[in-house]
Amino acid sequence: MNLIMIFKVALLAIARNKTRSLLTCLGIIVGIAAVIAVLAIGKGASTMMVKEISSMGNNLVMVFPERRSRDAVSVGMGQGQTMTAGDAQAIKRELSHLVSAVSPTVNVTCQIIYQGKNWQSRVSGVSTDMPSIRNWNVGEGRFFSEDEERGYQRVCVIGTTVKNNLFGEDDAIGRTIRLRDMPFKVVGVLESKGANGWGQDQDDTVMAPYTTVGRVLQRSTFKSINMMNLSLHSMDDLAEAKREITALLRQRHRLADYQDDDFETRDTTEIMNTIGSVSSLMTILLTAVAAISLLVGGIGIMNIMLVSVTERIKEIGLRMAIGATPVNILGQFILEAIVLSTVGGAIGVAVGVGGARLIGELQNWPILIEWSSALGAFLFSSFVGLFFGFYPAYRASKLNPIDCLRYE
Amino acid sequence: MSHLIEIRDLKKIYSAGEEPVAALDGVSLEIDNGEFVAIMGASGSGKSTMLNILGCLDVPTSGSYLLDGVEVARRSRKELAIIRNQKLGFVFQNFNLLPRTSAIENVELPDIYLGRLSHAKRRRRALELLKRVGLSGRGTHTPAELSGGQQQRVAIARALMNEPPVLFADEPTGNLDTKSSIEIMNLFTELSREGITIVMVTHEDDIAAYATRHLVMRDGKLIKDDKVR
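Residues numbered from 1 in each chain as written. Chains lettered and ligands numbered in written order. Predicted model: local features only at pLDDT ≥ 70, side-chain atom pairs only at ≥ 80, totals over all residues. Heavy atoms only, no water.

1. What about the pairing of strand E10 (residues 205-209) of chain A?
Residues and elements named next belong to chain A.
And step 1. Counting buried positions along E10 yields five of five residues, so the element is predominantly enclosed.
And step 2. When strand E5 (residues 117-126) meets E10, the two strands line up parallel, connected through five bridges. Across the sheet, Val123 pairs through a bridge with Val206, a residue of E10. (Buried < 20%, exposed > 50% of the residue type's maximum accessible area, 1.4 Å probe, protein only. Helix = DSSP H or I, 4+ residues; strand = E, 2+ residues; numbered from the N terminus. Pairing = 2+ DSSP bridges.)

2. Notes on the packing of aromatic side chains
Residue and element names in this part refer to chain A.
And step 1. Considering all chains together, one arrives at nine aromatic pairs over all chains under this definition.
And step 2. Every member of this aromatic cluster is reached through a ring pair, and the members are Phe380, Phe383, Phe387 and Phe388.
And step 3. Seen from the ring of Tyr152, Arg215 lies directly overhead, with NZ or CZ sitting 3.7 Å from the centre. (Phe/Tyr/Trp six-rings, centres within 6.5 Å; stacked < 30°, edge-to-face > 60°. Lys NZ or Arg CZ within 6 Å of the ring centre and 35° of its normal.)

3. Here's the deal with the interface of chain B and chain A
And step 1. Counting residues at the interface gives 25 residues for chain B, matched by 29 residues for chain A.
And step 2. There are six residue pairs in polar contact (both at pLDDT 80 or more) connecting chain B and chain A.
And step 3. By residue class, the composition of the side of chain B that touches chain A is 11 nonpolar, six polar and eight charged. (Contact = heavy atoms within 4.5 Å. Polar contact = N/O pair within 3.5 Å; in protein donor to acceptor, adjacent residues only side chain to side chain. Nonpolar A, V, L, I, M, F, W, Y, C, P; charged D, E, K, R; others polar.)

4. Topic: the packing of helix H9 (residues 268-311) of chain A against helix H12 (residues 371-397) of chain A
All names here are of chain A.
And step 1. It is the contact of H9 with H12, at a shortest axis distance of 9 Å, that shows an interaxial angle of 30 degrees. By the criterion of interaxial angle, the relationship of H9 to H12 is roughly parallel. Helix-helix and strand crossings are classified by hand; for H9 and H12 the assignment is right-handed. Residues Leu294, Leu295, Gly298, Ile299, Met302, Met305, Leu306 and Val309 of H9 lie in contact with H12, whose contacting residues are Phe380, Val384, Phe388, Tyr391, Pro392, Arg395 and Ala396.
And step 2. Here the residues of the contact of H9 with H12 sort into 13 nonpolar, one polar and one charged. (Axes fitted to C-alpha atoms, helices over the stretch in contact; angles between N-to-C directions. Parallel < 35°, antiparallel > 145°, perpendicular 65-115°, else oblique. Left-handed = near helix turned anticlockwise from the far one by under 90°.)

5. Overview of the domain arrangement of chain A
And step 1. You can read the domains of chain A as domain 1 (3-52 + 273-406) and domain 2 (98-231).
And step 2. Here the C-alpha centroids of domain 1 of chain A and domain 2 of chain A sit 58 Å apart. (Domains from an automatic or database assignment.)

This is the structure we're talking about:
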């Protein structure tokens, strides 16, 4: 008796008990479908995040003053006072072969008042390079000029959220708003960028020359800045650029060889690596959940197959009496289990893909279906059938034909 | 000339309880080609054990069993399965057809395991056999749609599928009414005349009357061996 015949016998046996077969598959269907759907949603979310981060800027590198931690107490990133706008200008001047744009950044959160309305937002003191670094253009009006930057002019551009909250439909250009009671003239409105990967509204911002923000809003006697954003000519030069920036800043900060850096460089690849490791952790967890649900599904199959062996004991006896060898019986029941779990796996993949798409449609979530994981889940479900079908099939093959025929 | 079936001092001892019980206690006999043998006896006489061993469904504790000149008393389960498939046909009291399966597929089953015929030839042979047992046109019926007598005919057709030299029947009319019983026994008689050896267990005298030879058993021993015709 060849394999095709055993297969046919198994298929016929399944077709004869459609309801029971479907119930047997159910565990596998639910398990596979859940895994496929959750993976699709999770992958969609992390892909979206990566996309968001790459949209943060062109070949973006950030330099922060030292993250100071003394006796395990972190003072927080950007809180050091070791970096100045002069550092940023030096990088722009001396490393222009690597760095295309530099913006020192000074962040202040303050109340913004226009006539009777007020709104709290973040005011970033930046340089005129910022639009090209962040790839963020002005929608209406203009960005402030280098003259205004050098001249400590009280001018600013505002994000659309700020504009909508203070001006509504009215024109904002040329109006004067008050930041910490200092009048600033609005020269432009930034294009809308929407929320970033963390759900933060990027349009809820005001940009003004770092010179003005540092002097007028921070009222800082030090010329320290919170960070710098720089744009490289090419991400291929990342390692070299980091090295040269480090060397230049160490020299400017007069650090001796034995002293640690008092600044830190970050780039988007690092952030992406972090997201990657978070998402691979998530994948591991999901895989564990998948394995457990398939285990449960497999136990379900084993259960039903054991019941099925007892229920069909006369059939087994008859088949043995007319010439089925123990191997034939073993093969029939294992194949039944494999077919059940594989069909269950296939239905599960279909339900999972459909379910993920439906959820994505309803919730407006990004969905990414990885067909390799769908294939993997499908193949694994066959293996589950083989594994959990073996014991019941083995029991069936060990039965004595006389006992089977006599069984009542 | 060698016999189709030749058993020597066959014993089957069950040691399930405290005292070992000899279901077969040293039976010897020969059955020749074309004989129609009825094994009779009260329940517990050992006639079912006898049929099980002759039918290669069970193995004796000791003794020898030559089937068609080949020793089959000590064979593995796999070898016994192959012997049953190729040389023996079975007809049971409760028919033992696969439920929800058409008559024709039930008849085909022995060749599914043998794999001797192509799909088309197997179907043709199954149809021929159904015709021979008087069920042409019922091939697509499932057992539930057939009467007891018809089911037993399907079972006989199935037993003949692989052209076995010998047919074993265990109380073949036990579940049938008188009319169907007579029809089934007439069919056996025809098959016997065509040269098929039949070994049948029964406890009814009027059923045994169709056979050409009567074996009577008691307490695991053969106590009577009459050639009727």
